[in-house]
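Here is what each chain is made of, one letter per residue.
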Amino acid sequence: MHSKRLKKIEPKQFYNLMCLFFYFRDRKEWADLEPVPQDDGPNPVVKIAYSEKFTDVFDMFRALLKNDEKSERAFALTAEAIELNAANYTVWHYRRVLLQALDKDLREEMKYITAIIEDQPKNYQVWHHRRMVVEWLNDPSEELQFVAEILSQDAKNYHAWQHRQWVMQEYKLWDGELEYVEELLEEDVRNNSAWNQRHFVISHTSGYSDSAILEREVQYTLKQIKKAPHNESAWNYLNGILQDGGLSSYPGLLEQVTELQDTCSSPYLTAFLVDLYEDALETNSSSYDQQETLNKALELCKLLAEEKDTIRREYWNYVSRSLQNTYGSGDPVASSSDPPPPSSSQQPDTEPSDP
Amino acid sequence: SLSLLAESDDNNFILQGTQVKDVIIKPDAPNTLLLDKHADYIAAYGSKKDDYEYTLSEYLRMSGIYWGLTVMDLMGQLSRMNREEIIEFIKSCQHDCGGISASIGHDPHLLYTLSAVQILSLYDSINVIDVEKVVDYVKGLQQEDGSFAGDKWGEIDTRFSFCAVATLALLGKLDEINMDKAVEFVLSCMNFDGGFGCRPDSESHAGQIYCCTGFLSITGQLHKVNADLLGWWLCERQLPSGGLNGRPEKLPDVCYSWWVLASLKIIGRIHWIDKAKLRSFILACQDEETGGFADRPGDMVDPFHTLFGVAGLSLLGDEQIKPVNPVFCMPEDVLQRVGLQPDLLS
């Protein structure tokens, strides 16, 4: 029997459950409430110990909801419920209703949600709750530092990045973000979230239309590629920022990328060259010999399909065929996976499918 | 290719001299489809209602039921589930505002409204709930910029755009929202790499891409997608193990076999994936003892990954499984009965 990696139950959570706990149903301040049991099936004959506390807390929670009680004890109970199951969105709703009904101190709530997120940072509800509190306080002053804290534990936490982007856009907090992104990329140049953030910051501040900015970005990206050539994010970024202008017409780009081939080769580099050649063909660029460019592109597609990126051979064969069909001077090339030609075509396809 | 892999540290392997984040499939991993075991696993799931994990997941129960029923239907085993009990349960979960909650005593939410409508479509029992009120609820969540909130608390996410149109499509009421604005918002979430995130400028993510391509299919706007660019980004999710990840430099997970594969099917580029390698990854995620699928080989199974493993295999053409619709993740025969044929690119 091979060992299985268990779903993670937070150690603190488990400890909490196993400890001696003074059940709510036994507390005299709660005696007036009739606990409401979970209602999605018959109760089991034998209850397992760790579910006792859970049942107790949530039975009480349901009782409070049923009576629509808005009290301090209800507020305290939401914290217990959240500790047991922070993904239960109804508990968070109720807590927000109580925060407003009881006019609770929102600064205290910020401390609370900070602790909860630090404990369980991969949960939609906790981040949405934090956003609501920030909105109510209209105070983003702690946010960037807090998110940086969370990202220092997991630099790709999708929720954390959403929150960060929201804060920056809502409160116009753009200063220092590019520096922050660079720090993250120093730590892990393959952090796709950080590359996305780089695009986000620049798009919303200077933009890419200034040629000095664009050149700075191109050089920055090429430098990162030299450090770690097998980096999808860097190549995607380079492609993304140059799309509008066109890869083949960017001065010196072909030379710089070709130069990298010896020491920094990767399927991404080869793919980038294919894109660049395709752009040269599409724009009918006078700086490129059209036939030679087509041949080079086809050669690279073949290299990728047969050797360097075989898992994506279908894609590379598709690119090859498209290039042939669009820019080649011979008969159209088809494959078994292409849709059949329209019935109004003059001749049936006679080309064999790809080897 | 296994000989090119040398283990460096946990889940980081060296392939042809460079670090690749991936898993290694052990030689004794399952390599045949164990449908009967999966059916037994799902049929028994939730019958032990004191199970901690089951209790913990009450907040998503409606979706849990949808995952279980759908995978059972795909395996031709729907009759083993308790139809009457489930329909009664759903009726108890519709609130006055029309929205449907994950479970009794929970608040309504778009996610669980969609799951409920999907379940009732499977059971051809849509009219046990107040359909007009569901439509009102969905309409009421559309914002000025065309986006949809998940519930009255206002979280915005393209997942909810998908939930909204999928729900209305299944009810035959797509014309009740501001379609142009809804489309405009989703398209504003298209990124420089051709992918989509949860809000404008959010990082491209396979789960969000599934929601957005599904949305654009339902709303007849797939021509707005850059299919070659997005298809390339999606097929780049395939790792040497054959599994798919959700964004660059992340580990493979069987649920991405659905999000990525369904997206590729929708945009007409499913053949860009190495199908044989993906199939062997998915099969390796099975648990031969308990039945069910885990996120990756060797981990604990759950109904969520079981559905997406089986649905992924269906998309790859496994004939032991019913054809699955890539937009709705429901059996094709159910959608035919409902009369829905969402566009796919060829």
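The name that an unreviewed UniProt entry assigns to chain B is Geranylgeranyl transferase type-2 subunit beta, with the source organism given as Cyprinus carpio. Of chain B, the UniProt comment under Sequence similarities (unreviewed entry) reads exactly: "Belongs to the protein prenyltransferase subunit beta family." Of the comments in the UniProt record for chain B, the one headed Catalytic activity (unreviewed entry) reads "geranylgeranyl diphosphate + L-cysteinyl-[protein] = S-geranylgeranyl-L-cysteinyl-[protein] + diphosphate".

In the annotation of an unreviewed UniProt entry, chain A is listed under the name Protein farnesyltransferase/geranylgeranyltransferase type-1 subunit alpha and assigned to Cyprinus carpio. Per UniProt, chain A carries the Cofactor (unreviewed entry) text "Mg(2+)".

Focus on the state of the cysteines
For the structure on display, the rule yields 0 disulfides over all chains. No disulfide involves Cys189(B); its nearest neighbouring cysteine sulfur is the one of Cys212(B), lying 5.9 Å away. For Cys189(B), a relative accessible area of 0% puts it in the buried group. Unpaired in terms of disulfides, Cys235(B) finds its nearest cysteine sulfur in Cys301(A), a separation of 12 Å. The class for Cys235(B) is buried, based on a relative accessible area of 0%.

Describing the side chain of Thr113(B)
All names here are of chain B. Tracing the sequence through the fold places Thr-113 in helix α5 (residues 110-122). Of note is the side chain of Thr-113, whose polar atom sits 2.8 Å from the backbone oxygen of His-109. Ignoring any residue separated from it by four or fewer positions in sequence, one finds Thr-113 in contact with Gly-99, Ile-100, Val-134, Tyr-137 and Thr-167.

Here's the deal with empty space enclosed by the protein
One pass over the full model with this rule turns up 6 cavities of 30 Å³ or more. Of the pockets and cavities examined, the largest cavity occupies roughly 170 Å³. Contributions of two or more residues to the lining of the largest cavity are made by α6 (124-137) and α8 (158-171) of chain A. By residue class, the composition of the lining of the largest cavity is 5 nonpolar, 4 polar and 4 charged. If you add up the space inside the second largest cavity, you get close to 110 Å³. In terms of lining, the second largest cavity is formed by Glu232(A), Asn236(A), Asn239(A), Gly240(A), Gln243(A), Asp275(A), Phe192(B), Asp193(B), Leu229(B), Trp232(B), Trp233(B) and Glu236(B). At the level of secondary structure, the elements contributing two or more residues to the lining of the second largest cavity comprise α12 (232-242) of chain A together with α10 (227-235) of chain B. Tallying contributions element by element places α12(A) first for the lining of the second largest cavity, with 4 residues.

Here we look at the interface of chain B and chain A
It is common to report an interface's size as the accessible area lost on association of the parts. Residue-level contacts link 65 residues of chain B with 66 residues of chain A. Of the roughly 6300 Å² buried at the junction of chain B and chain A (both faces included), carbon and sulfur atoms supply 52%. Interface area lost by chain B to chain A is led by Tyr52(B), Trp153(B) and Phe192(B), which between them contribute 15%. Applying the counting criterion to the chain B and chain A interface returns 4 salt bridges. Across the salt bridge formed by Arg313(A) and Asp274(B), the nearest N and O atoms sit 3.7 Å from each other.

A few points about the confidence of the model for chain A
It should be kept in mind that the predicted coordinates are not to be read in detail where pLDDT is low. Residue and element names in this part refer to chain A. When pLDDT is averaged along chain A, the result is 87; 84% of the residues meet or exceed 70. No element of chain A has a lower mean pLDDT than helix α1 (residues 11-18), at 54, and none a higher one than helix α7 (residues 143-153), at 98. The low-confidence segment residues 41-49 (pLDDT under 50) makes 7 contacts with residues lying over four places distant or belonging to another chain. Note on residues 340-355: pLDDT is under 50 here. Beyond four places in sequence and across chains, it has 12 contacts.

So, the confidence of the model for chain B
Residues and elements named next belong to chain B. Averaged over every residue, the pLDDT of chain B is 93; residues scoring 70 or more account for 94%. pLDDT under 50 marks residues 1-9. Its contacts with residues more than four places away, or in other chains, come to 17 contacts. As a predicted assembly, this complex carries a pTM of 0.89 together with an ipTM value of 0.90.

Here's the deal with the environment of Arg95(A)
Residue and element names in this part refer to chain A. Of note, Arg-95 is situated in helix α4 (residues 89-101). In the structure, Arg-95 is positioned 28 residues away from Asn-123 in sequence and 16 Å away in space, judged by C-alpha atoms. If we ignore the near neighbours within four places in the chain, the residues touching Arg-95 are Phe-75, Thr-78, Ala-79, Ile-82, Glu-109, Tyr-112 and His-129. Within the local environment of Arg-95, its side chain forms a polar contact with the side chain of Glu-109, the two groups lying 2.8 Å apart.

Rules of the game
Here the residue numbers are simple positions, counted from 1 along each chain's written sequence. Chain letters start at A and ligand numbers start at 1, both assigned in the order the entries are written. Given that this is a predicted model, residues contribute local features only at a pLDDT of at least 70 and side-chain atom pairs are listed and counted only at 80 or more, while totals for whole chains, interfaces and linings are drawn from all residues. Hydrogens and water molecules were not included; the side-chain quantities draw on all heavy atoms of the structure. UniProt positions are given in the numbering used here, feature names are shortened, and annotations may be inferred rather than shown by experiment. Cysteine sulfur pairs qualify as disulfides if the two atoms are within 2.5 Å. For every residue, the accessible area obtained with a 1.4 Å probe (protein chains only) is divided by the maximum for its type, and the residue is called buried under 20%, exposed over 50%, and partly exposed between those limits. Numbering of helices and strands runs from the N terminus; a helix is a DSSP stretch of H or I covering at least four residues, while a strand is a stretch of E covering at least two. A 3.5 Å cut-off defines polar contacts: any pair of N or O atoms within that distance qualifies, except that in protein one atom must be a possible hydrogen donor and the other a possible acceptor, and neighbouring residues in sequence count only when both atoms are side-chain atoms. Any two residues having at least one pair of non-hydrogen atoms within 4.5 Å are treated as being in contact. We place a 1 Å grid over just the protein atoms. Points where a 1.4 Å probe fits but has no way out form a cavity, open points with protein on both sides within 12 Å along at least 5 of 7 lines form a pocket, and any residue with an atom within 4 Å of a point lines it. Grid points are joined across faces, edges and corners, and a volume is the space filled by probe spheres set on the points. Polar here means any residue outside two lists: the nonpolar Ala, Val, Leu, Ile, Met, Phe, Trp, Tyr, Cys and Pro, and the charged Asp, Glu, Lys and Arg; Gly therefore counts as polar. Take the accessible area each of two parts loses on contact, using a 1.4 Å probe, and add the two losses: that sum is the buried area. By salt bridge we mean one thing: a side-chain nitrogen of Lys or Arg within 4 Å of a carboxyl oxygen of Asp or Glu. Each residue gets a pLDDT score, which is the predictor's confidence in that residue and runs from 0 to 100.

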